[in-house]
There are 2 protein chains.
Amino acid sequence: MDRELLLLGLLRRSDMHGYQLHEFIERDLATCTELKKPTAYFLLDKMTRLGWIVQHEEREGNRPPRRVYHVSAAGEAQFQQLLRTNLSQPSSTRFGGDIGLIFANSLASADVVALLEQRRVVLAADLAATQAAPAHAGSLQLVIEHRIIHLESELGWLDTVIARFTASASTE
Amino acid sequence: MDRELLLLGLLRRSDMHGYQLHEFIERDLATCTELKKPTAYFLLDKMTRLGWIVQHEEREGNRPPRRVYHVSAAGEAQFQQLLRTNLSQPSSTRFGGDIGLIFANSLASADVVALLEQRRVVLAADLAATQAAPAHAGSLQLVIEHRIIHLESELGWLDTVIARFTASASTE
DNA sequence: TCCTGACTAGTCAATCTTGACTAGTCAGGA
DNA sequence: TCCTGACTAGTCAAGATTGACTAGTCAGGA
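Residues numbered from 1 in each chain as written. Chains lettered and ligands numbered in written order. Predicted model: local features only at pLDDT ≥ 70, side-chain atom pairs only at ≥ 80, totals over all residues. Heavy atoms only, no water.

Time to look at the layout of surface pockets. Roughly 190 Å³ of volume is contained in the largest pocket. Along the walls of the largest pocket sit 18 residues, with Pro90(A), Ser91(A), Thr93(A), Leu123(B) and Glu154(B) positioned nearest its centre. If you list the elements that add at least two residues to the lining of the largest pocket, you get helix H5 (97-102), helix H6 (109-132) and helix H7 (138-170) of chain B. With 6 residues, the single largest contributor to the lining of the largest pocket is H7(B). Each residue belonging to the lining of the largest pocket can be placed in one class, and the counts come to 7 nonpolar, 6 polar and 5 charged. Here the second largest pocket defines a volume of roughly 160 Å³. Taken together, Met1(A), Asp2(A), Arg3(A), Cys32(A), Thr33(A), Glu34(A), Arg94(B), Phe95(B), Gly96(B) and Ile99(B) make up the full set of residues lining the second largest pocket. Considered class by class, the residues forming the lining of the second largest pocket number 4 nonpolar, 2 polar and 4 charged. (1 Å grid on protein atoms, 1.4 Å probe; cavity = no way out; pocket = protein on both sides within 12 Å on 5 of 7 lines; lining within 4 Å. Points joined across faces, edges and corners; volume = space filled by probe spheres on them. Helix = DSSP H or I, 4+ residues; strand = E, 2+ residues; numbered from the N terminus. Nonpolar A, V, L, I, M, F, W, Y, C, P; charged D, E, K, R; others polar.)

Below, the structure written as structure tokens:
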């Protein structure tokens, strides 16, 4: 339901059409969520069926008409509900990268170390890029900081993992 | 592809049937991944089509026959490939819980604080439960530790967020 | 003027995921 | 013996997600 919350929250600020929503999310919110174009349209259609938003055609110049979405009263109520749920419940995170570690003993420890070093480089670059990002206004600042803290934590953990495999590589 | 890696990795250890795989994942690997029953069967069918695994019927007593899966040579190669990719590339994490924070200014700061306190309680309980888990053997130990470190980091971050909203609540 | 490449706006088919269901087996009590 | 509830094994249809595609607009150069 996070994506529905996101769309409602953006539409609540100002009416938009689908493409505009998608662009905004890909450009400005890429750090905290992903929302492909067809998914955005799918969700907008679903929310229209549920009566959370209403759409109307709009025509600008001689460009083809666009569907502009507007949050209804029911949608506003839903937004409040979704927002409270989102804030009060932690979203459980699963680390796909841990699955490889479960099977790491299929490889020589030296190989595992080499592969994890690669992972480390990408992670460190991601952290550096996030830290270098310009200080954003208000609410997005929290998201950026969250990301930085998370990536720092990941790097620290990864280093302990690498250290362990390095140790076992020397005794093989 | 993480789920394919997981299934291949488990089947490589010993042949299993679908239900058995699902049970094992739900019971022992719930901390690091989720894999619903129909998804497991879907992926097993797909991997069979791709030639990564082969299935054969097996009958025990007068129970209904079961399909037992076995990793083929092509599947073994694929496993190595997927494992190396998984280890060398960090899996980018998205925090659905951050979406609510983007719109937190729609609520009174005092309300946000109350909601985040709830989130904190659940998170702390999760951490306590994970720390209390019995020390697992070898590779799963890494996953548990990862989870603990992550949850500690999340709690620390959440506390700074709560502090900020508490501060702004007092000036409203 | 005409062409090219970029931008806008959205659709489609294929794939993936899941809640709810079916259907057989078995152990233990009434 | 018969019934109930739990376990085993898997299916189905509905819903969600995405890569690849379509089709119109527009600016700028040849």
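Once the structure has been displayed, the description carries forward.
With 58 residues of chain A in contact, the opposing surface of chain B contributes 58 residues. For the pairing of chain A and chain B, the buried interface totals around 5800 Å² over both sides, and the portion due to carbon and sulfur atoms is 63%. Ranking the residues of chain A by area buried against chain B places Leu87(A), Phe103(A) and His146(A) at the top, with a combined share of 13%. If you look at where chain A meets chain B, you find 6 salt bridges. When the shortest N-O distance is used, the salt bridge between Glu34(B) and Arg94(A) registers 3.9 Å. At the boundary of chain A and chain B, one finds 28 residue pairs in polar contact (both at pLDDT 80 or more). For the side of chain A that touches chain B, the secondary-structure elements that each account for two or more residues are helix H1 (2-13), helix H4 (73-88), helix H5 (97-102), helix H6 (109-132) and helix H7 (138-170) of chain A. Sorting elements by how many residues they give to the side of chain A that touches chain B places H7(A) first, with 15 residues. (Contact = heavy atoms within 4.5 Å. Buried area = accessible area lost by both parts, 1.4 Å probe. Salt bridge = Lys/Arg side-chain N within 4 Å of Asp/Glu carboxyl O. Polar contact = N/O pair within 3.5 Å; in protein donor to acceptor, adjacent residues only side chain to side chain.)

Let us now look at the pairing of strand S3 (residues 66-71) of chain A. All names here are of chain A. Summarising the sheet, strand S1 (residues 16-17) and S3 pair through 2 bridges and their orientation is antiparallel. Counted as the bridge partner of His17 is Val68 from S3. Sheet topology places strand S2 (residues 53-58) next to S3; 6 bridges connect them, and they run antiparallel. Counterpart to Glu57 in the pairing with S3 is Arg67. (Pairing = 2+ DSSP bridges.)

The subject of this paragraph is the relation of the copies chain A and chain B. Between chain A and chain B, the superposition needs a rotation of 180° and an axial shift of 0.0 Å, giving an RMSD of 0.1 Å. Look at the turn and shift together and you get a two-fold axis relating the two. Relative to the rotation axis, the C-alpha of Ser153(A) is the closest in chain A, positioned 3.3 Å from it. (Least-squares fit on C-alpha atoms with pLDDT ≥ 70 in both.)

Right, let's talk about empty space enclosed by the protein for a bit. Scanning all chains against the criterion turns up 3 cavities of 30 Å³ or more. In this structure, the largest cavity spans a volume of roughly 90 Å³. Lining the largest cavity, in full, are Phe95(A), Gly97(A), Asp98(A), Arg119(A), Leu123(A), Glu154(A), Trp157(A), Leu158(A), Pro90(B), Ser91(B), Thr93(B) and His146(B). Every element with two or more residues in the lining of the largest cavity is listed here: H5, H6 and H7 of chain A. For the lining of the largest cavity, the leading source of residues is H7(A), giving 3 residues.

Our focus in this paragraph is the packing of H1(A) against H4(A). All names here are of chain A. Where H1 meets H4, the axes come as close as 9 Å, and the angle between the chain directions of the two elements is 130°. Classified by the interaxial angle, the pair formed by H1 and H4 is oblique. Once H1 is placed against H4, the crossing between them reads as left-handed. Contacts between H1 and H4 involve Asp2, Glu4, Leu5, Leu8, Gly9 and Arg12 from the first element and Gly75, Glu76, Gln78, Phe79, Gln80, Leu82, Leu83 and Asn86 from the second. Among the residues making up the contact of H1 with H4, the classes are represented as 5 nonpolar, 5 polar and 4 charged. (Axes fitted to C-alpha atoms, helices over the stretch in contact; angles between N-to-C directions. Parallel < 35°, antiparallel > 145°, perpendicular 65-115°, else oblique. Left-handed = near helix turned anticlockwise from the far one by under 90°.)

Quick look at the domain arrangement of chain A now. Residues and elements named next belong to chain A. We note that the domain assignment places domain 1 (2-88) and domain 2 (97-170) within chain A. For domain 1 versus domain 2, the distance between C-alpha centres works out to 33 Å. Contact with domain 1, which involves 4 residues of that partner, is made by 4 residues of domain 2. With both chains or domains summed, domain 1 and domain 2 bury close to 340 Å², and 70% of this area falls on carbon and sulfur atoms. Sorting the residues of domain 1 by area buried against domain 2 places Asp28, Thr31 and Cys32 first, and these three jointly supply 81% of that buried surface. Scanning the region where domain 1 abuts domain 2 turns up 0 salt bridges. At the boundary of domain 1 with domain 2, the tally comes to 0 residue pairs in polar contact (both at pLDDT 80 or more). (Domains from an automatic or database assignment.)

This next bit is on H4(A). Given a rise of 1.5 Å per residue, 16 residues ought to cover 22 Å, and the 23 Å separating the end C-alpha atoms of H4(A) matches this to within 8%. Taken together, the buried residues of H4(A) touch H1 and S3 of chain A together with H5 and H6 of chain B. The backbone nitrogen of Ala74(A) lies 3.4 Å from a side-chain oxygen of the residue at the head of H4(A), namely Ser72(A). (Expected span 1.5 Å × (residues − 1).)

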